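Architecture and fold: a report
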Amino acid sequence: MSMRVAWARWYWIVIFTTCAARTGSDWLDCANIATCHCKWSSGKKTAMCASSDLRRPPALSSDIQVLDIHDNPLRSLPQEVFKNIGLLNLQRLNLRATSLRSIHPDAFLELTILVEVDLGDNDLSHLPKDIFRGNERLRLVVLSNNPLTTLIADQFPSLPHLRMLILDGCRLRSIHTNALRNLKALETIDLRRNQLTFLRLVTFSLPALKTISLSGNPWRCDCRLREFKDWFLDSKLGTEELLCVEPSTKAGMKWKHVPSESMSCPPEVKSSTLVVRAEVGVATSFGCWVHGIPKPQITWLFDGVDVHNSSVDCDMEETETTIDDEVDERVPGSIRWVNVTLFNVTSSAAGEWTCLAKSVAGEARAIISLVLPRSQTATARTAPGIPQLLGVVFGALGILATLGFIGAVACWHLRRRTVPPSRSFTDQEKRLIDASVVVSCDRSIGNMASPCDFELTEQSLGDDQPRTCGFDPVHITIEGTPGIFPPPPAEFAVPVPYGNIFISVQVAGRGEPGKYPDLLSGGATLPRRNRSCCAAPYDNMGPRVTATGSSTWSLPGASSEHVEPSETPVLTLPPPPPEFVSL
């Protein structure tokens, strides 16, 4: 009987040992993943898969309690990634330096016994809200050296056992007032080497908090940090020497050496609007937003004068406003709205209204312009009467007459510039000229019908008949008593003691038979015509032909000695009257 009992015991021992050996080999072989090494460590079944070039967490035995896959290029963690590979018994998870850029909010869902998670040295710029939902046994979370910039409200879900939160070496610039309020058991928080310039006291009103690490941040020691700084130094939550970086007047000073009353903020003022449009007799209101610590004094000015000293009837009211802690860095309770109400707007209220804020830290102001609508008068239109119509007609005629007069004066000046004035000759002079007809261009008498076949001097300028053929300017010589006029050139020297003057005039002919131009009084010398006819200028310096047939001078009695015969055919005409002797 005893032998049977002994054999039965040995049988169960062998079965148990065999099963135990088989079970142990299932997790120790790491699912035949060559890059992973599974072993017992600190009483836990541990899988070491670091630096294995894994793109996703490996599918290992569900018995694995510790998974170390740091230094693998995972890049992202999809939804319920660990639940899908059966690793529900994980207690510790090392994901450091796995190039993580994104994590699904439910990546760690169902890991109910997870105690520690290390996400340090990754590229996480955004941490999903409630990322550790369902991981209520968490005690340690490491997020160091990630480019996180902010912690939003309720960033972490309720984690009643979380003792330590490591956020050092991140780029945090702001932490929402309610970011940590669900971490009632938090004892240590590490915020070293971030970009924090201030913190709010209410953010760290946690019952179990024992240690806060804050060194390595660019603290701005002004009114925003004032309350937290006083509380932190009294709480004994840190042993580090914290230094001010800003403002420049406090740069390098230790927190404990900065007087609280010197940590102020200059006033800030913003107007509700730049222009207020109101109506006479109707109430209107406007205001300004004011911030500053210590509390600034507010004064309203109307056109540069304190409204209390002006005649404007108005009422002022101050109320505190709330701020959005997530986007506003100002101290809660330090912002006021100062409102002005005009019960009965008059024209005297239009102008510039100034909201002026003053404190020991400085002053600021905002200007609001109050404008009233312009008064307009409507005038009915009526049909114009006879007197109005006549006035319009005569006015138009006057304008036209003025314009005509101006045009006439302009034309007169223009004509005066282009046509030199001339004068009419006496009857004796006209008879002399009428008898002088010189044929030019070597043409016969029969061709004298053309106005270009004659050398004609201009008739009286009093004749306004249009000219059909224009002549170039000519020189005429008036002879008179010696000494009155300057002597002529040598070419015109004569034996008789006559003086000479040379005058240029514009002459034109109409081409009609019997019409000849007038010349100045006294003797006249007609110029010789060039053989090229009308288009060529006159030759004023050659031999001349006169009414008496002389080729030089027109006055009777002048010596004709040394006179060369004329090249131009000359008509034989009767001698001039005896009275035309001299000037």
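The shown structure was predicted, so the numbers you read here are calculated from the model rather than taken from an experiment. (Residues numbered from 1 in each chain as written. Predicted model: local features only at pLDDT ≥ 70, side-chain atom pairs only at ≥ 80, totals over all residues. Heavy atoms only, no water.)

1. Concerning the state of the cysteines
Taken as a whole and assessed by the stated rule, the structure comprises 5 disulfides. What pairs with C223 in a disulfide is C265, and their sulfur atoms sit 1.7 Å apart. Negative torsions about the S-S bond denote left-handed disulfides, and the value of about -95 degrees found for C223 with C265 makes this one left-handed. Of this pair, C223 sits in helix 3 (residues 223-235) while C265 sits in strand 16 (residues 265-271), placing them 42 residues apart in sequence. Looking at C265, the relative accessible area reads 8%, which means it is buried. (Disulfide = S-S within 2.5 Å. Helix = DSSP H or I, 4+ residues; strand = E, 2+ residues; numbered from the N terminus. Buried < 20%, exposed > 50% of the residue type's maximum accessible area, 1.4 Å probe, protein only.)

2. Remarks on the pattern of salt bridges
Enumeration over the complete set of coordinates arrives at 17 salt bridges. Across the salt bridge formed by K45 and D63, the nearest N and O atoms sit 3.9 Å from each other. Of this pair, K45 sits in strand 2 (residues 44-48) while D63 sits in the loop between strand 2 and strand 3 (66-68), and the two are 18 residues apart along the sequence. Since its relative accessible area comes to 17%, K45 is described here as buried. Each of R220, D222, R224 and E246 takes part in one network of salt bridges that share partners. (Salt bridge = Lys/Arg side-chain N within 4 Å of Asp/Glu carboxyl O.)

3. Let's talk about the nonpolar core
Ranked by internal contacts, the top residues of the largest apolar core, which has 69 residues, are L95, F108, F132 and L165. Within the residue set of this core, elements represented by two or more residues are helix 2 (81-84) and helix 3. At 3 residues, helix 3 tops the list of elements feeding residues into this core. Every residue in contact with L165, bar those within four places of it in the chain, is listed here: V141, L143, F156, L180, L183, L186, T188, I189 and D190. (Core = buried A, V, L, I, M, F, W, Y, C linked by side-chain atoms within 4.5 Å. Contact = heavy atoms within 4.5 Å.)

4. Considering a nonpolar patch on the surface
Residues V393, F394, L397, I399, L400, L403, F405, I406 and V409 make up a contiguous nonpolar surface patch of roughly 920 Å² in combined accessible area. The residue L400 is located in helix 4 (residues 386-418) in this model. (Patch = residues over 30% accessible without salt bridge, like charges linked within 9 Å, V, L, I, M, F, W, Y side chains within 5 Å. Areas by Shrake-Rupley, 256 points an atom, 1.4 Å probe, with all protein chains shown as cover.)

5. Examining the packing of aromatic side chains
Applying the stated criterion across every chain, the model contains 12 aromatic pairs. Their ring planes at 15 degrees and their centres at 6.0 Å tell us that F82 and F108 sit as a pair that is stacked. Note that F82 is positioned in helix 2 and F108 in the loop between strand 6 (102-103) and strand 7 (116-118), a separation of 26 residues in sequence. Note on F82: relative accessible area 0%, which makes it buried. Measuring from ring centre to ring centre gives 5.9 Å for F232 and W255, while their planes differ by 80 degrees; the resulting arrangement is edge-to-face. Of the two residues, F232 is situated in helix 3 and W255 in the loop between strand 15 (244-246) and strand 16; the sequence distance between them amounts to 23 residues. The residues F232 and W255 share a single accessibility class, namely buried. The aromatic ring of W289 is capped on one face by K270, whose charged end is 5.2 Å from the ring centroid. (Phe/Tyr/Trp six-rings, centres within 6.5 Å; stacked < 30°, edge-to-face > 60°. Lys NZ or Arg CZ within 6 Å of the ring centre and 35° of its normal.)

6. What to know about helix 3
Here helix 3 is 13 residues long and its end C-alpha atoms lie 19 Å apart, about the 18 Å a rise of 1.5 Å per residue gives. Within the sequence span of helix 3, burial applies to C223, R224, L225, F228, K229 and F232. Summarising the contacts, the buried residues of helix 3 are in contact with strand 13 (211-213), strand 14 (219-220), strand 16 and strand 18 (284-293). Downstream of helix 3 by one or two residues, K236 has phi in the positive range, about 60 degrees. (Expected span 1.5 Å × (residues − 1).)

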